[in-house]
2 protein chains.
Amino acid sequence: MNILGVDIGGTNVKLGIVTEKGGIIEHGLLPTPAGGPEAAAAKVAEWYGGRRKHHGDARAAGIACAGLIDGVRGFLYTSPNLPGWDNAPLGEIFGRRLGIPVAVDNDVNCAVWGEYVMGAGRGTRHFVAVTLGTGVGGGIVIDGRLYHGAQGLAGEIGHHVIIEGGPPCSCGGRGCLEALIGSASIAARAVETAARTPGSRLALGAGLTVREIHEAALLGDAAAVETLAETGRLLGIGLANVVHILNPEAIAVGGGVAGAGDFILEPARKSMKEHLIGDILSAVRIVPAELGNMASFLGASMLALEKQ
Amino acid sequence: MNILGVDIGGTNVKLGIVTEKGGIIEHGLLPTPAGGPEAAAAKVAEWYGGRRKHHGDARAAGIACAGLIDGVRGFLYTSPNLPGWDNAPLGEIFGRRLGIPVAVDNDVNCAVWGEYVMGAGRGTRHFVAVTLGTGVGGGIVIDGRLYHGAQGLAGEIGHHVIIEGGPPCSCGGRGCLEALIGSASIAARAVETAARTPGSRLALGAGLTVREIHEAALLGDAAAVETLAETGRLLGIGLANVVHILNPEAIAVGGGVAGAGDFILEPARKSMKEHLIGDILSAVRIVPAELGNMASFLGASMLALEKQ
């Protein structure tokens, strides 16, 4: 039997019918409805109702959602991108509307699970994935299971401090990994770097995106290359911290910013090695994530299968 | 049946006969013999042979050892305090000499397991312990099991960086937690603080120990109190990092330096809270370790029981 996969973001809901092997039979995109989780669940149930005629009942649904979520209880504490959704028992709401078993988790945890089951983490037992974008997220697989921690909030790698008293972070702290390599910080660093690099095409930097910095780096722009290398160097310190604590087999790096590929990953691997005690830990592989923006949607589906 | 517990340090081998509940029937101390692991195993076997007459056969032995150890394989990579012990298959060597099943792990992991089973971690499922001394060590219990990671080196909390480019660490890195709150750094900070604090009894600081700083703090010495509070503040940042990544139920703080108690722990709790995202994670309890310098010995014994 198939699975209904759902990935709820602030703008759109990505959803689809997925096979037990992770094959996508059909998928769609709905604008995230106003009206909170009940309205969203109704919309998803409506879409699912239409597809059931063609593909039969789904055995379960997996729901990925942006925000602070207790994945064990399927409970959303709060989501910056979903105003009005605070303290929502998503598992219960979607379960009632859909009439099938529902697994709910944070979109980052879902993406990590997707990478573990069918992406960059295949074949490992202890696996970490980090997503780089506006924010820096992370999730952990230990002994073949998604690890949630006591309150369901494990894996907040973006908010661990690597420069005490460093630049301010969206979380209210200072010097968190996210404050250093979130996309806004990268763009700001690019503008600074370009200002002291003659001839850089990044010089007019208002509204600069990481994609534009990557494109400039591909054309050999020194300021762009330096900006991404510094991003990688800082990322490598964060990865070394994660390796010292968790010693996973591999860490996958995904998210929009990771689209810059080896401009970031190579300096990150080098910096990580420099910050590790002993050569043994250097065996931890740093690999690009493989599932792109389908990771949360596919991972939620696979998680629904796992939880049955 | 009883268990043989062994804790191998650079100077002494602590060993004893322990019940399955962790009661100590008899214990002894031997000088760590020159001649490497074979000589040590022979000495331990001799001691055990003498005790068998009185207490009967032990069902297993648990060996705690300082150094970089793969606890799954019982293999010692290297130990700064045990020259000539590099690349020793301790599990096999001690197993052969003792003729009973043997579990081997890093002394810090053993201490963590001891605290989990019969100390400050009782009743939790996800637990971390940190030991503060010359070095800063750590270990992790996840879902009721000691977590080793891919190479058996998880829990090296002392070598995660919290001040990028900060003070040099014994590991060759900079700004690691150990570089900031290892006992030598605390002593150095006490001397600096005393130098600008009129009337501090710490002013003549050569060879100052953390115990002396603690004693001065108990007498109200402002420089001593400030030094320990700063230690706690830095520790709290490290604990917040661990909480963001692992979200355990509790973190126990032990080791000689932790003898300074709430002079360090209270500022650590405050600093940790300030560095956490969201109030939810503040539920993580920071507690003193309970087993003192018997933790590794008792934990090794309990680990031997677990592994059977």
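Residues numbered from 1 in each chain as written. Chains lettered and ligands numbered in written order. Predicted model: local features only at pLDDT ≥ 70, side-chain atom pairs only at ≥ 80, totals over all residues.

1. Some words on the overall build of chain A
Thought 1: Across its full length, chain A holds nine helices and twelve strands.
Thought 2: Seen through its C-alpha atoms, chain A measures out along the principal axes to roughly 60 × 45 × 35 Å.
Thought 3: Within chain A, the fraction of its 308 residues that count as buried is 58%.
Thought 4: Look at the contacts in chain A between residues 6 or more apart in sequence, and 62% of them connect residues 24 or more apart. (Helix = DSSP H or I, 4+ residues; strand = E, 2+ residues; numbered from the N terminus. Buried ≥ 20, exposed ≤ 12 C-beta atoms within 10 Å, placed from the backbone. Contact = placed C-beta atoms within 7 Å.)

2. Considerations on the sheet that holds strand S2 (residues 12–18) of chain A
The strands making up a sheet associate through backbone hydrogen bonding, with each pair oriented either parallel or antiparallel.
All names here are of chain A.
Thought 1: Across the sheet, five strands lie side by side as S3-S2-S1-S4-S7; this open sheet has mixed pairing. Here the strands that pair on one side only, and so sit at the sheet edges, are strand S3 (24–31) and strand S7 (102–106). Adjacent strand axes in the sheet meet at a mean angle of 15° when their direction is disregarded.
Thought 2: In this sheet, S7 lies alongside strand S4 (residues 58–65) in parallel orientation, the contact comprising five bridges. Considered in S7, the bridge of Cys65 is made with Asn106.
Thought 3: Docked against the sheet, helix H3 (residues 107–118) engages strand S1 (2–8), S4 and S7, running at close to 105° with respect to S7.
Thought 4: Helix H9 (residues 295–307) contacts S1, S2, S4 and S7 of the sheet and is inclined by roughly 130° relative to S4. (Pairing = 2+ DSSP bridges. Axes fitted to C-alpha atoms, helices over the stretch in contact; angles between N-to-C directions.)

3. Some remarks on the sheet that holds strand S9 (residues 136–142) of chain B
All names here are of chain B.
Thought 1: In space, the five strands of this open sheet follow the order S10-S9-S8-S11-S12, with mixed pairing throughout. Two strands bound the open sheet, and with one partner strand each, they are strand S10 (145–146) and strand S12 (285–288).
Thought 2: Across the face of the sheet, helix H8 (residues 262–275) comes into contact with strand S11 (250–254) and S12 while running at roughly 165° to S12.

4. Structural notes on the pairing of strand S8 (residues 127–132) of chain B
Residue and element names in this part refer to chain B.
Thought 1: Most of S8 is tucked away: six of the six residues are buried.
Thought 2: The two faces of S8 match: Phe127, Ala129 and Thr131 on one face and Val128, Val130 and Leu132 on the other face are all buried.
Thought 3: Sheet analysis places S8 next to S9, joined by six bridges and oriented antiparallel. Across the sheet, Leu132 pairs through a bridge with Val136, a residue of S9.
Thought 4: Counted between consecutive antiparallel strands, the loop separating S8 from S9 contains three residues.
Thought 5: Pairing geometry for S8 and S11, over five bridges, is parallel. Looking at S11, one finds that Phe127 is bridged to Ala250.

5. Thoughts on the relation of the copies chain B and chain A
Thought 1: By a simple turn and slide, chain B fits onto chain A: the slide is 0.0 Å along the axis, the RMSD is 0.0 Å, and the turn is 180°. Expressed as a symmetry operation, the mapping of one chain copy onto the other fits a two-fold axis.
Thought 2: Interface residue correspondence from chain B to chain A reaches 100%, placing this contact among same-surface, isologous pairings. (Least-squares fit on C-alpha atoms with pLDDT ≥ 70 in both.)

6. Digging into the interface of chain B and chain A
Thought 1: Each side of the interface is counted separately: chain B has 38 residues, and chain A has 38 residues.
Thought 2: Ranked by residue count, the leading element in the side of chain B that touches chain A is helix H7 (residues 222–246) of chain B, at seven residues.
Thought 3: Residue classes in the side of chain B that touches chain A are distributed as 23 nonpolar, twelve polar and three charged. (Nonpolar A, V, L, I, M, F, W, Y, C, P; charged D, E, K, R; others polar.)

7. Concerning the domain arrangement of chain A
The extent of an interface is frequently quoted as the accessible surface area lost upon association of the parts.
Residues and elements named next belong to chain A.
Thought 1: For chain A, the assigned domains are domain 1 (2–106 + 294–307) and domain 2 (120–290).
Thought 2: Computed from C-alpha atoms alone, the centre-to-centre distance between domain 1 and domain 2 is 28 Å.
Thought 3: Taken residue by residue, the interface counts seven residues in domain 1 and six residues in domain 2.
Thought 4: Residue contributions to the side of domain 1 that touches domain 2 peak at three residues, all from strand S5 (residues 68–70).
Thought 5: Here the residues of the side of domain 1 that touches domain 2 sort into four nonpolar, one polar and two charged. (Domains from an automatic or database assignment.)

8. A word on unusual backbone geometry
Residues and elements named next belong to chain B.
Thought 1: In the Ramachandran plot, Asp143 falls in the positive-phi region, its phi being about 55° despite a non-glycine side chain.
Thought 2: Judged by the 11 C-beta atoms lying within 10 Å of it, Asp143 is exposed.
Thought 3: At Asn247, a position not held by glycine, the phi torsion is positive, near 40°.
Thought 4: By the C-beta count within 10 Å, which is 24 here, Asn247 ends up buried.

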